[in-house]
Amino acid sequence: MPFFKLESNFVPTGDQPQAIEKLESGLEKGFRGQTLLGVTGSGKTFTMANIIAREGRPTLVISHNKTLAAQLYGEFKQFFPGAAVHYFVSYYDYYQPEAYIPQTDTYIEKETQINEEIDRLRHAATQSLINRRDVIIVASVSCIYGLGEREDYVAMSKKFSVGQPIKRNDILRQLVAIQYERNDVEILRGQFRVRGENLDIHLATGEAVVRIVLMSDQIEKIKIYNINPGEKIPIWARDLSKAAGTELPEIIILPAKHFMTPAEKMKSALAGIRAELETRLAELKKQGKEVEAYRLDKKTRYDLEMIETMGYCNGIENYSRHFSGRSPGQPPATLIDFFPSDFLMFVDESHVTLPQIGGMYFGDRSRKDTLIEFGFRLPSARDNRPLTFEEFEGKVNQVIYVSATPRAYEFKNSRQVAEQIIRPTGLLDPEVEVRPNQGSVENLLAEIRARASRNERTLVTTLTKRMAEELADFLAEGGVKVKYLHGEIETFDRVELLRALRLGKVDCLVGVNLLREGLDLPEVSLIAILDADMAGFLRNETSLMQTMGRAARHEDGKVIMYADKITPAMKFAIDETRRRRRIQEKYNRDHHITPRRAEAKMHEILG
C-alpha cells in the first residue's frame with residue numbers, strides 16, 4: 001500500500017500521463033534501468049512525484065549540484081507535505097582536504113567549516129530512513145561518500161522508557177558515549193543539560209527537544225517538544241514545564257555523529273590500527289624512509305590516544321575500514337546503505353550527474369596515495385573514499401535516469417525510454433537559425449536591441465572568458481545593458497546577475513558556459529551561440545541542446561547559431577530540436593492549445 005500522498009492543484013497533462021504509465025509499468029515488470037527523456041519545462045519533477053506516489057517506496061533522488069538539489073527538495077516538500085522529505089549534501093561551507101605536494105614539500109592540513117544546518121538535515125535524513133518508509137532523500141553526489149555503518153549507528157542508539165530504573169549519571173554517560181555534549185547554559189543541537197530532576201536533550205536532527213524527568217533513580221516521564229524554526233525564542237530557552245509537549249512511553253536517541261563504533265568493535269579496531277602501523281613502519285624503514293616513518297608514527301599514535309580518551313579524533317574517517325571491520329578494498333558504507341533493498345532511485349540531469357559520480361573516486365585516490373607514500377596516512381586511509389562507478393552501479397535496485405539529453409550510457413542501461421516532449425504550457429522548442437560568423441557581433445547587437453525594446457532578454461555564449469568580457473564591453477558601448485557571467489563570478493553575485501536580468505535591469509548576459517540545467521528564465525527570448533562550429537566540450541551535442549533549451553521558456557523563443565559550417569553536433573541539435581517542435585506543434589493543433597509563457601516566481605530560479 002502506498003505511503004505517499006501527493007498533494008497538488010495540477011493533474012498530469014500533455015504527455016506526462018503516458019510517461020508516468022510507461023515508467024510505472026517498467027518498474028512493475030522489474031526493469032532495473034529506464035530513462036525519462038524530458039525536455040526543459042515539461043514537468044519532469046511532477047512526473048517523478050507521481051511515480052513515487054504510486055510506488056510508495058523510499059526514494060533517493062541524486063542531483064549534480066547543491067543548488068539544483070535544493071530546488072528539487074523544495075518541490076518534493078510541496079508535493080508530499082506529510083512525508084519525510086530530506087536534503088542530503090556535503091555539509092562543508094569550506095573544505096580544504098588534507099594533501100601533500102612533494103615538489104614543494106608542502107603539507108596542507110585538512111581544514112573545514114561545517115554548515116550546522118546541513119549537518120542537521122543529514123542526521124534528519126538518516127534517522128528517517130531508520131524509522132520510516134515514506135522517505136524521499138534529495139542528495140548530491142555526497143551520497144556516494146563514506147558515512148559510517150548503518151548497523152553501528154543503530155546499535156549505538158540509546159533507548160529510555162517510562163518506569164525504567166536508571167541513575168541520572170548513567171544516562172549522562174550514555175549520552176556522552178554517543179557524542180552528545182553537556183551544556184547547562186544553552187543546549188544547541190547535539191547537546192544536553194541537567195536541571196534538577198529534569199534532563200533536556202536537543203536531538204541531533206534539530207527537530208525537537210526531549211525532556212526526561214527522573215524521580216528516585218527512575219524515569220517518571222518523557223516529553224518531546226517540537227522545534228519551530230520561526231519562533232523568536234527557541235523552545236529550549238523557554239520554561240518547558242509550561243510549554244506544549246507530547247508525552248511518550250519511550251524514546252530512542254540516535255548518535256550525534258554518523259561515524260560511531262560500539263565498544264566491542266572499538267577494541268579490535270584499535271588493535272588493527274596498531275598492527276597496521278607496525279607493518280607500515282617496518283616497510284618505510286626498509287625503504288630508507290626514516291622521516292616518513294617518524295611522521296606516521298607520531299601522527300597515528302596521537303590519533304589513537306585521542307580515540308581512546310575522547311572516542312573521536314579529527315580525521316577519524318581515515319580509520320573507517322578498521323572500525324567497520326571491512327576488508328581492504330571493500331566499498332565503504334554510504335547513505336545508499338541506509339535505504340532498504342527495494343528502494344527507488346532517480347538520477348536527475350543524468351548526462352551530468354553520472355560522469356560526476358564516475359570521476360569522484362580517481363581524484364580522491366590520487367591524493368590519498370601521495371599522503372600514504374610520504375607518511376601522513378596509513379594505507380587503510382584509501383578505504384575512506386567515495387564509491388567507484390562500478391560499486392555505485394552494484395548498489396542500484398531500480399533506477400530512472402532523467403535528462404533532456406541522455407547519453408549513450410543511459411540508453412545502453414535502460415530497458416525502455418519514455419519521452420516527455422509536450423509542455424503543459426504548450427510552449428515549443430525554439431526556432432533555430434544559422435548565420436555566418438562574418439559580421440556576427442554587429443548582427444547580434446541589432447537582435448539584442450530589438451528584443452530589449454520588447455522587454456525581452458538575451459543570453460549569449462562565447463568560447464572564452466576574455467571573449468565574454470570583450471563582447472560585453474562592445475555591447476555596452478552600443479547602449480545595451482549587459483553583464484558577463486563566468487566561473488570567476490562568485491556564486492552570490494551570479495544570483496544577483498540573474499535577478500537583475502529577470503527584473504530588466506540587465507537586457508543581456510554574456511557567458512562562456514551559461515548555467516544550462518535548471519535555470520528558469522521565462523523572459524529570455526533569444527539564445528545566441530557564437531562560434532557554434534568550433535568543435536569541443538562547449539559546442540558538443542549535449543552542450544548545444546542544453547544551451548538552446550534556455551529559450552524554450554518564452555513563447556517567441558529563438559536560437560541563432562553563428563557558424564560558417566554545420567558540424568555533426570550542430571546538425572544533431574538542430575534536427576532534434578526541430579523534431580520535438582513538430583511534435584509539440586501537432587499536439588497544440590490537435591488540442592487547440594495556445595502557447596503561454598510560464599511565469600516563474602523569483603525564488604524558484606534562485607533555489
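Provided above is the structure to which this section pertains.
Overview of the structure. Quantities reported herein were computed from a predicted structural model and do not represent experimental measurements. Residue positions are given per chain, counting from 1 as you read along its sequence in written order. Restriction of local features to residues with pLDDT of at least 70 applies here, the model being predicted, together with a cutoff of 80 or more for giving and counting side-chain atom pairs; totals for whole chains, interfaces and linings are based on all residues. Neither water nor hydrogens contribute to the side-chain values; these are computed over all heavy atoms in the structure.

## Description of the nonpolar core
Looking at soluble globular proteins, one finds that nonpolar side chains tend to be buried together.
Turning to step 1, where the next piece is worked out: Put simply, a nonpolar core is a bunch of buried Ala, Val, Leu, Ile, Met, Phe, Trp, Tyr and Cys residues held in one set by side-chain atoms that sit within 4.5 Å of each other. The classification of residues rests on relative accessible area computed with a 1.4 Å probe and restricted to protein chains. Under 20% of the type maximum is buried, over 50% is exposed, and intermediate values are partly exposed. Core analysis: the biggest nonpolar cluster contains 32 residues, and F76, F80, I136 and F346 have the highest contact counts within it.
Turning to step 2, where the next piece is worked out: Of all the secondary-structure elements, those providing two or more residues to this core are α1 (16–28), α2 (44–55), α3 (66–79), β3 (84–88), α4 (116–131), β8 (135–139), β17 (344–348) and β18 (398–403).
Turning to step 3, where the next piece is worked out: Each helix is a run of H or I in the DSSP string that is no shorter than four residues. Each strand is a run of E no shorter than two, and both are numbered from the N terminus. With 6 residues, the top contributor of residues to this core is α2.
Turning to step 4, where the next piece is worked out: Residue contacts are defined here by distance: any two heavy atoms, one from each residue, within 4.5 Å place the two residues in contact. In this structure, F76 is in contact with T45, M48, A49, I52, V61, V85, I136 and V138, ignoring residues within four places of it in sequence.
Turning to step 5, where the next piece is worked out: Counting residues in each nonpolar core, the second largest holds 30 residues, with V141, F339, V347 and F389 among its members.

## Observations concerning the sheet that holds strand β22 (residues 482–485)
What holds strands together in a sheet is hydrogen bonding between their backbones, with the strands either parallel or antiparallel.
Turning to step 1, where the next piece is worked out: Paired strands, in this sense, are two strands between which DSSP finds at least two bridges. Strands sit in the order β20-β25-β24-β21-β23-β22 across an open sheet of 6 strands; the sheet is parallel. Two strands bound the open sheet, and with one partner strand each, they are β20 (431–435) and β22. Mean inter-strand twist for the sheet, computed between neighbouring axes without regard to direction, equals 20 degrees.
Turning to step 2, where the next piece is worked out: The sheet strands contacting helix α14 (residues 465–477) are β21 (457–461), β22 and β23 (508–511), and the helix crosses β22 at an angle near 175 degrees.
Turning to step 3, where the next piece is worked out: Axis definition: a line fit to C-alpha positions, over the contact stretch in the case of helices; interaxial angles, taken between N-to-C directions, run 0 to 180 degrees. Helix-sheet contacts for helix α17 (residues 568–590) involve β20 and β25 (558–562), and the interaxial angle to β20 is about 150 degrees.

## Thoughts on the packing of α1 against α2
When two helices pack together, you describe them by how their axes are tilted relative to each other and by the distance separating the axes.
Turning to step 1, where the next piece is worked out: Relative to each other, α1 and α2 sit at 40 degrees, their axes nearing to 10 Å. Compared by their axis directions, α1 and α2 come out oblique. Judged by the twist between their axes, the crossing of α1 over α2 is right-handed. For the pair formed by α1 and α2, the contact residues are Q16, I20, E21, L23, E24, L27 and E28 on the first element and F46, T47, N50, I51, R54 and E55 on the second. What sets the label is the angle itself: under 35 degrees gives roughly parallel, over 145 gives roughly antiparallel, 65 to 115 gives roughly perpendicular, and the rest give oblique. Each helix crossing is assigned a hand: it is left-handed if the near helix lies turned anticlockwise from the far helix by less than a right angle, otherwise right-handed if that turn is clockwise.

Function-wise, these values are silent; they only describe arrangement.
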